Amino acid sequence: MVQRKYLIVLTGIALSTFCQAQKDYARKVVDTLASPYMEGRGYTDNGDKKAATYIHSQFKSFGLLPFGTDYEQYFKFPINTLPSKVEVSVNGVLQPPGADYIVVPNSCSMKGTYKVKRLTRTILFDKAKLYEFTHEDLKKQFILVDDTGVTDKKEKEVFQGLVYNPFKAKGVIVLCNKLTQEMSDSVADYAFLYALRKSKFDSATTITLDVENKFIKSYESQNLIGYIKGSVQPDTFIVFSAHYDHLGRMGSVYFPGANDNASGTAMLLSLAKFYSEHKEAAKYSMVFMSFTGEEVGLLGSKYYVEHPLFPLSKIKFEINMDIMGTGDEGITVVNGAIYDAPFHDMQRINDSLHLLKLVKPRGQTSNSDHYFFYAHHVPSFFIYTMGGIKAYHDIYDRRETLPLTDFDNVYKLILNFAEDISEHRF
Ligand SMILES: [Zn+2]
């Protein structure tokens, strides 16, 4: 490998600083996208469309070019939502949604009061007891899954399988220590809830539900893609991506998704802003992709790589950003363990500019939008920040508590890394 100097020539002027105006801009993006108006950027109350309209306006203000007639790339997918009523009572007492429980959105509509039967390790792994447990008609009852005392890996797997309702109960409540909401593209024939172990659900003997689901067979959503034309080699591309969608609503509560991924969108837009103000820094064409459908299963990026707007082989590098809101413990670079040379470049940039506490390599994962690029042989990194607040896929991932601790340092690292990719061949 050739020894390189890390002198930031062209972009150095701006890269050594991250001024108040830049900070203010990133904060404003997070505050806007995580606001109640955006409805959690899901598929109820046009949350995704409101977010897309905002991102469109930002792209436009930076003068980004569209590949076709506009930035939007539309496509459709099925989605189950809980847009209106989600009310759950335990032993006759109404429970706080989002705080003590979540209804997972593969649940069907349900209205009524049902008996709750507790399923523990002692019952599940004892044939006689399990026979007795399942002998009763569970179709009209809820199972309360309590995995206390389960440490064995195989036992854990059996417990995890209970979310699929193998005993055909009316509903399943899984006790847990942290609520983590998901998305679903299908509807089950039972209700599925997660509830905090330390909540009233732990002592539930009856449960009363008034839940309404709305299944949308073909919901139209949109990716947004814009670029700054390269000044030296415009037919080669560096792609920055971040998903803007989140988990939407669950009845009366919404999931703000400040860290996941209003923060990544703020980074994407900050980078777009930088290149729009420093066009000379874009030797290659710099592409900005704002994906939808990530939380449903990487749908936006999957659709994109299957319907690319320019040949994927022309992408020099793809940098995906998801969860940019902290950084106290540094960053993890997914694929850093695969693309050795670029990763070491990033580490050296970090060391020489004294940016982050740690730049940690990780192998391949399929947990964000870099995945389908990587699967299509596009060199790609997925960067996420570590440390700080632990809110994730819950109602506490809020703008008010998102610190953006090392946002400026991650920004500098990414810009310098992109500059380096332009300068060198890996
Ligand atoms: Zn995310």
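Residues numbered from 1 in each chain as written. Predicted model: local features only at pLDDT ≥ 70, side-chain atom pairs only at ≥ 80, totals over all residues. Heavy atoms only, no water.

K.L.:
Could you clarify how one ought to interpret the pairing of strand β5 (residues 110–119) in this entry?
P.N.:
Every regular strand shows the same layout, with side chains that alternate between the two sheet faces. Sheet topology places β5 next to strand β9 (residues 206–211); 6 bridges connect them, and they run antiparallel. The partner of methionine 110 across the bridge, within β9, is valine 211. Bridging between β5 and strand β6 (residues 141–145) involves 5 bridges; their strand directions are parallel. Looking across to β6, one finds that leucine 119 is bridged to valine 145. (Pairing = 2+ DSSP bridges. Helix = DSSP H or I, 4+ residues; strand = E, 2+ residues; numbered from the N terminus.)

K.L.:
I would appreciate a short explanation of the coordination of the zinc ion in the present structure.
P.N.:
Note on metal sites: the ideal angle is 109.5 degrees for four tetrahedral donors, and 90 or 180 degrees for six octahedral donors. For the zinc ion, the full set of protein donor atoms is His243 (NE2), Asp260 (OD), Asp322 (OD) and Asp322 (OD), at a range of 1.9 to 2.6 Å. Its 4 donor atoms give the zinc ion angles of 51 to 141° at the centre, a pattern that matches the irregular case. Counting the intervening residues between successive donors of the zinc ion yields the motif H-x16-D-x61-D. Note that aspartate 260 is positioned in helix α7 (residues 258–277) and aspartate 322 in the loop between β15 (315–321) and β16 (331–334), a separation of 62 residues in sequence. In this structure, aspartate 260 and aspartate 322 share a single accessibility class: buried. (Donors = N, O, S within 2.8 Å, 3.2 Å for Na, K, Ca; no water. Tetrahedral: all angles 85-135°; square planar, octahedral: opposite > 155°, others 65-115°. Buried < 20%, exposed > 50% of the residue type's maximum accessible area, 1.4 Å probe, protein only.)

K.L.:
In this structure, what is going on with the sheet that holds strand β3 (residues 93–94)? I would like to understand it.
P.N.:
Strand pairs in the sheet, formed through backbone hydrogen bonds, run parallel or antiparallel to each other. One open sheet accounts for 8 strands, arranged β3-β2-β9-β5-β6-β7-β8-β4; its pairing is mixed. Taken across any chain shown, the strands that pair with only one partner, and hence form the sheet edges, are β3 and β4 (101–103). Alignment of strand β2 (residues 86–90) against β9, held across 5 bridges, turns out to be antiparallel. Its bridge partner being in β9, glutamate 87 is matched across the sheet by aspartate 210. Most of the contacts of helix α5 (residues 127–135) go to β5, to which it runs at about 165°, and overall it touches β5 and β6. (Contact = heavy atoms within 4.5 Å. Axes fitted to C-alpha atoms, helices over the stretch in contact; angles between N-to-C directions.)

K.L.:
I'm lost on empty space enclosed by the protein in this one. Help?
P.N.:
What the rule picks out here adds up to 2 cavities of 30 Å³ or more. Estimated volume of the largest cavity: approximately 100 Å³. Around the largest cavity, the lining comprises 14 residues; the ones closest to its centre are Thr81, Leu82, Met183, Leu247 and Arg249. Looking at the lining of the largest cavity, the elements with two or more residues in it are β1 (72–81) and β12 (249–250). Broken down by class, the residue content of the lining of the largest cavity amounts to 7 nonpolar, 5 polar and 2 charged. (1 Å grid on protein atoms, 1.4 Å probe; cavity = no way out; pocket = protein on both sides within 12 Å on 5 of 7 lines; lining within 4 Å. Points joined across faces, edges and corners; volume = space filled by probe spheres on them. Nonpolar A, V, L, I, M, F, W, Y, C, P; charged D, E, K, R; others polar.)

K.L.:
Looking at this structure, how should I read the packing of aromatic side chains?
P.N.:
Two numbers describe a pair of aromatic rings. These are the distance of the centres and the angle of the planes. Taken as a whole, this structure holds 30 aromatic pairs when the rule is applied. Relative to tyrosine 219, the ring of phenylalanine 77 lies with its centre 6.3 Å away and its plane at 45°, an arrangement referred to as tilted. Residue phenylalanine 77 is located in strand β1, and its partner tyrosine 219 is located in strand β10 (residues 214–228); the two are separated by 142 residues in the primary sequence. Here tyrosine 219 falls in the buried class, since its relative accessible area comes to 9%. We note lysine 50 situated over the ring of tyrosine 37; from NZ or CZ to the ring centre the distance is 4.5 Å. Over the face of the ring belonging to tyrosine 25 we find lysine 273, whose NZ or CZ atom lies 5.6 Å from the ring centre. (Phe/Tyr/Trp six-rings, centres within 6.5 Å; stacked < 30°, edge-to-face > 60°. Lys NZ or Arg CZ within 6 Å of the ring centre and 35° of its normal.)

K.L.:
Any chance you could explain the sheet that holds strand β11 (residues 233–243) here in plain terms?
P.N.:
Ordered by their spatial adjacency, 8 strands build an open sheet running β1-β10-β14-β11-β15-β18-β16-β17, and the pairing between neighbours is mixed. Two strands close off the open sheet at either side, each with one partner strand: β1 and β17 (359–362). Averaged over all pairs of adjacent strands, the angle between strand axes in this sheet comes to 25°, irrespective of strand direction. Judged from the 4 bridges that link them, β16 and strand β18 (residues 380–385) form a sheet pairing that is antiparallel. Among the inter-strand pairings, valine 333 is bridged to a residue of β18, identified as isoleucine 383. Set on the sheet, helix α3 (residues 47–61) makes contact with β1, β10 and β14 (284–291); between it and β10 the angle comes to about 10°. Sitting on the sheet, α7 is in contact with β10, β11, β14 and β15, with an inclination near 155° to β11.

K.L.:
Just checking my understanding: could you explain the packing of helix α2 (residues 20–33) against α7 for this structure?
P.N.:
Axes are the key here: two packed helices are described by the angle between their axes and the distance separating the axes. It is at 8 Å that the axes of α2 and α7 come closest, and there the two elements cross at 140°. Here α7 runs oblique to α2, going by the angle between their axes. The two elements α2 and α7 cross, and the hand of that crossing is right-handed. Contacts between α2 and α7 involve Tyr25, Ala26, Val29, Val30 and Leu33 from the first element and Ala258, Ala262, Ser263, Thr265, Ala266, Leu269, Ser270 and Lys273 from the second. (Parallel < 35°, antiparallel > 145°, perpendicular 65-115°, else oblique. Left-handed = near helix turned anticlockwise from the far one by under 90°.)

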